[in-house]
Amino acid sequence: MFDTFEQTGSAMQTVRFFREQGLLFPRRLRTGPNKGDLLWAAPHHARVLQVLHNPRYAGAFAYGRTRIRHRPDGGTSVVKVARADWQFVMPGMHQGYIDWERFEANQRRLADNARAFGGERRSGPAREGPALLQGRVVCGLCGERMGVRYSQEHGSTVPTYLCQANAVRRAGWTCQTVPGKIVDAGIADLMIELMTPMTLAVTLEVQRELEARAAETDAARRQHVERMRYEAELARRRYMKVDPDNRLVADSLEAEWNDKLRRHADAAEDYKRRNKQQAAALSVEAQRRILDLAEQLPRIWQDPRVDSRERKRIVRLLIDDVTLIKSQTITAHVRLSGGATRTLVLDRPLPIAQIRKFKPELVAEVDRLLDHHCDREVAEILNNHGWRTWEAKAFNLKKVAFIRCAYKLASRYERLRRRGMLTTREIAAKFCVSETAVHTWGRQGFIKKCYTDSLNRGLWEIPPGMTIRKGCGGRGARPAQLTAITAPSKE
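Before going into details, it helps to say that this report is about the structure given with it. Being a predicted model, the structure only gives us computed values, none of them experimental.

As for its placement among the helices and strands, Arg-309 is situated in helix H10 (residues 308-318). Accessibility expressed as a relative area gives 16% for Arg-309, which makes it buried. At a separation of 2.9 Å, a polar atom in the side chain of Arg-309 contacts the side chain of Asp-307. Excluding its chain neighbours within four sequence positions, the residues that come into contact with Arg-309 are Gln-7, Thr-8, Gln-13, Ala-126, Arg-127 and Glu-128.

Pasting the structure below:
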């Protein structure tokens with residue numbers, strides 16, 4: 001059970017796991033004809049919490065966990081007492097299922113999970129969803145806790161943080177909704193920035209400086225305690241040397257001795273209390289392990305094998321809460337565990353219409369390429385140059401045709417017609433020849449064919465300033481010739 005609780009992080013999820021696995025718990029019947037008999041049944045949430053809170057399973061003896069309260073009607077009621085008010089807690093009295101440190105860690109996790117209940121609903125156990133700030137988001141407009149809603153986007157689950165306290169309690173409008181994919185990415189970058197080796201090295205250096213100053217202060221306090229002890233000892237010696245018959249002097253010295261003893265006790269108590277409050281100094285090995293963890297954190301964070309709940313637990317170690325305000329931009333005020341604050345200004349995601357809109361430079365590139373290439377060739381050139389659609393897909397014939405139609409770009413055929421190129425039928429009508437003769441002239445190089453698509457369809461271009469003199473057959477046959485327009489005709 002304890003291993004399952006540490007893996008899931010929630011008592012309710014532990015109960016669900018036990019029921020799915022078919023594991024049973026002993027339960028004693030309290031009513032009916034079989035009262036007192038054991039019955040094996042699926043565990044309930046209260047039973048699991050009872051086991052997790054019982055220090056007996058950690059090998060400890062505890063007394064004073066409950067208290068009997070007498071009611072005015074003469075009856076009694078059993079009241080649970082907080083752990084800090086138990087009369088006796090003695091760990092290590094017998095062998096337990098878990099050690100005491102693991103039991104204390106479980107109690108802290110249960111206390112943290114309990115924040116999900118009550119009026120504030122401050123946080124809760126780490127769930128399976130990908131939202132990093134689950135239970136840590138505060139609305140910057142009304143101050144209420146924000147919930148999480150998941151949706152599908154391009155086959156992946158994306159979170160959305162929404163403040164619906166007004167809608168739930170007063171049937172009003174939702175205060176604000178913030179896209180979680182933008183906020184989570186900014187928080188992840190901030191965590192990696194905070195955990196860089198350089199930042200931790202500076203932090204450890206500052207901590208060493210604080211430890212040195214604390215050591216100096218500790219030495220001063222210890223000297224003060226020694227001085228109080230010396231004055232109390234000196235007062236004791238004076239009192240012991242006084243004549244017992246001189247009661248006036250003896251009473252005065254006894255009062256002075258008591259005052260010195262009281263001052264020494266107060267100084268010793270203050271010294272002990274301040275020592276407990278002072279943070280323990282980190283060893284060289286601990287500092288090296290912290291720096292190694294900082295170097296490995298980006299790789300661990302990006303590892304797809306790491307569960308979302310583990311990432312959330314890492315976030316909860318460093319961040320207390322995040323206040324979100326959505327306006328023209330998304331402002332995230334991050335409150336770190338040490339009390340420091342950071343402010344992130346994030347851009348809001350563009351509407352889908354603007355995301356799907358082609359970039360102006362892409363449209364200009366397509367317009368330039370259409371002067372010399374057809375649609376299919378333009379798509380291949382764009383793909384070779386690294387251009388992609390808004391869905392990160394390659395271009396094809398239909399995509400280029402869509403760009404032409406949407407932005408009213410002239411097609412390859414229209415551009416060639418503007419340059420004065422003619423079709424096969426027009427060339428044949430102009431020179432009074434057949435269409436077969438036109439294709440023959442093209443193979444002979446008299447005219448050049450410019451293709452308008454990938455199906456070998458195109459227009460013919462006559463060299464500027466040139467004309468074609470058609471040949472003739474029969475006894476005086478002559479081939480067709482390409483001549484200048486200004487050349488005199490031999491006929």
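The rest of the description comes next.
Let's shift gears to the packing of helix H16 (residues 424-431) against helix H17 (residues 435-444). Close contact between H16 and H17 brings their axes to 8 Å; oriented N to C, the two are set at 100°. When the axes of H16 and H17 are compared, the pair comes out roughly perpendicular. Of H17, the residues touching H16 (which contributes Thr-424, Arg-425, Ile-427, Ala-428 and Phe-431) are Glu-435, Val-438, His-439 and Trp-441. The residue inventory of the contact of H16 with H17, partitioned by class, reads five nonpolar, two polar and two charged.

Turning our eyes to something else, we now look at unusual backbone geometry. Residue Ala-392 is not a glycine yet carries a positive backbone phi of 65°. On the secondary structure map, Ala-392 appears in the loop between helix H13 (375-384) and helix H14 (397-406). The exposure class of Ala-392 is exposed, given its relative accessible area of 61%. With a phi angle near 55°, Lys-408 is a residue other than glycine that sits in the positive phi range. Assignment of secondary structure puts Lys-408 in the loop between H14 and helix H15 (412-418). On the accessibility criterion, Lys-408 (75% relative accessible area) is exposed.

Time to look at a nonpolar patch on the surface. There is a patch of nonpolar side chains on the surface, built from Phe-61, Tyr-63, Phe-88, Met-90 and Met-93 and spanning about 520 Å² of accessible area. Those elements that provide at least two residues to the nonpolar patch are strand E3 (61-63) and strand E6 (88-90). Residue placement: Phe-61 occurs in strand E3. On the accessibility criterion, Phe-61 (39% relative accessible area) is partly exposed.

Enumeration according to the criterion identifies seven aromatic pairs in this entry. For the ring pair Phe-358 and Phe-395, a centre distance of 6.5 Å and an interplane angle of 35° mean the geometry is tilted. Highlighted residues: Phe-358 in the loop between helix H11 (352-356) and helix H12 (360-369) and Phe-395 in the loop between H13 and H14, separated in sequence by 37 residues. Given a relative accessible area of 12%, Phe-358 falls into the buried group. Using a relative accessible area of 5% as the deciding quantity, one classes Phe-395 as buried. Geometrically, the ring pair formed by Phe-358 and Phe-402 is tilted, given 6.2 Å between the ring centres and 55° between the ring planes. Of the two residues, Phe-358 is situated in the loop between H11 and H12 and Phe-402 in helix H14; the sequence distance between them amounts to 44 residues. Residue placement shows Arg-83 over the ring face of Trp-86; its charged tip is 5.7 Å from the ring centre.

For the rest of this paragraph, the subject is the pattern of salt bridges. Tallied over the full model, the rule gives 21 salt bridges. Between Arg-335 and Asp-321 there is a salt bridge whose closest N-O contact spans 2.4 Å. Pair noted here: Arg-335 is in strand E12 (residues 329-336) and Asp-321 is in strand E11 (residues 319-326), with a separation of 14 residues, a long-range link. Relative accessible area serves as the criterion here: at 36%, Arg-335 is assigned to the partly exposed category. Classification of Asp-321 by relative accessible area gives buried; the value is 10%. For Glu-435, the salt bridge is made with Arg-425, and the minimal N-O distance between the two is 3.8 Å. Pair noted here: Glu-435 is in helix H17 and Arg-425 is in helix H16, with a separation of ten residues, a long-range link. On the basis of relative accessible area, Glu-435 is assigned to the partly exposed category, the value being 38%. By relative accessible area, which is 64% here, Arg-425 ends up exposed.

Moving on to the pairing of strand E4 (residues 66-70). With zero of five residues buried, E4 lies mostly on the surface of the structure. With antiparallel pairing between neighbouring strands as the criterion, E4 and strand E5 (residues 76-80) make up a hairpin whose turn holds five residues, including Gly-74 at a positive phi of roughly 95°.

Of all hydrophobic cores here, the largest spans 26 residues; its most connected members are Val-183, Ile-187 and Leu-324. Only strand E7 (137-139), helix H6 (180-194), E11, E12 and strand E13 (341-347) provide two or more residues apiece to this core. The leading source of residues in this core is H6, at six residues. Contacts of Leu-324, omitting those with residues within four sequence positions, involve Val-137, Val-138, Cys-139, Gly-140, Met-146, Tyr-161, Gln-176, Val-178, Val-183, Thr-331 and Ala-332.

What counts, and where the lines are drawn
Here, residues in each chain are numbered from 1, in the same order as that chain's written sequence. Totals for whole chains, interfaces and linings use all residues, but because this is a predicted model, local features are given only for residues with pLDDT of at least 70 and pairs of side-chain atoms are given and counted only at 80 or more. Where side-chain values are given, they derive from all heavy atoms of the structure, hydrogens and water being excluded. Here a strand is any run of E in DSSP of at least two residues, a helix any run of H or I of at least four, and the numbering for each starts at the N terminus. Working definition: with a 1.4 Å probe on protein chains only, accessible area under 20% of the residue-type maximum means buried, over 50% means exposed, and in between means partly exposed. Here a polar contact is taken to be a pair of N or O atoms separated by no more than 3.5 Å, where protein atoms must pair a possible hydrogen donor with a possible acceptor and residues adjacent in sequence count only if both atoms sit in side chains. In this analysis, two residues are considered to be in contact whenever any of their non-hydrogen atoms come within 4.5 Å of each other. Convention adopted: a line fitted to C-alpha atoms gives each axis, helices being fitted over their contacting stretch, and angles between N-to-C directions are expressed from 0 to 180 degrees. Just so you know how the angles are binned, under 35 degrees is roughly parallel, over 145 roughly antiparallel, 65 to 115 roughly perpendicular, and the rest oblique. Under the grouping applied here, Gly and all other residues not named as nonpolar or charged are polar, the nonpolar ones being Ala, Val, Leu, Ile, Met, Phe, Trp, Tyr, Cys and Pro and the charged ones Asp, Glu, Lys and Arg. The patch calculation keeps residues exceeding 30% relative accessible area without a salt bridge and links them within 9 Å when they carry like charges or within 5 Å when they are nonpolar (Val, Leu, Ile, Met, Phe, Trp, Tyr). Reported accessibility uses the Shrake-Rupley method at a 1.4 Å probe radius. Residues are deemed covered only where the shown protein chains occlude them. By definition here, a salt bridge exists when the distance from a side-chain nitrogen of Lys or Arg to a carboxyl oxygen of Asp or Glu is within 4 Å. We call Phe, Tyr and Trp rings a pair once their centres come within 6.5 Å, taking the six-membered ring for Trp, and we label the pair stacked below 30 degrees between planes, edge-to-face above 60, and tilted otherwise. Charge over a ring is defined by NZ of Lys or CZ of Arg lying within 6 Å of the ring centre and within 35 degrees of the ring normal. Here the rule is simple: two strands pair whenever DSSP picks up at least two bridges between them. For the purposes of this section, nonpolar cores are sets of buried Ala, Val, Leu, Ile, Met, Phe, Trp, Tyr and Cys residues that join through side-chain atoms within 4.5 Å.

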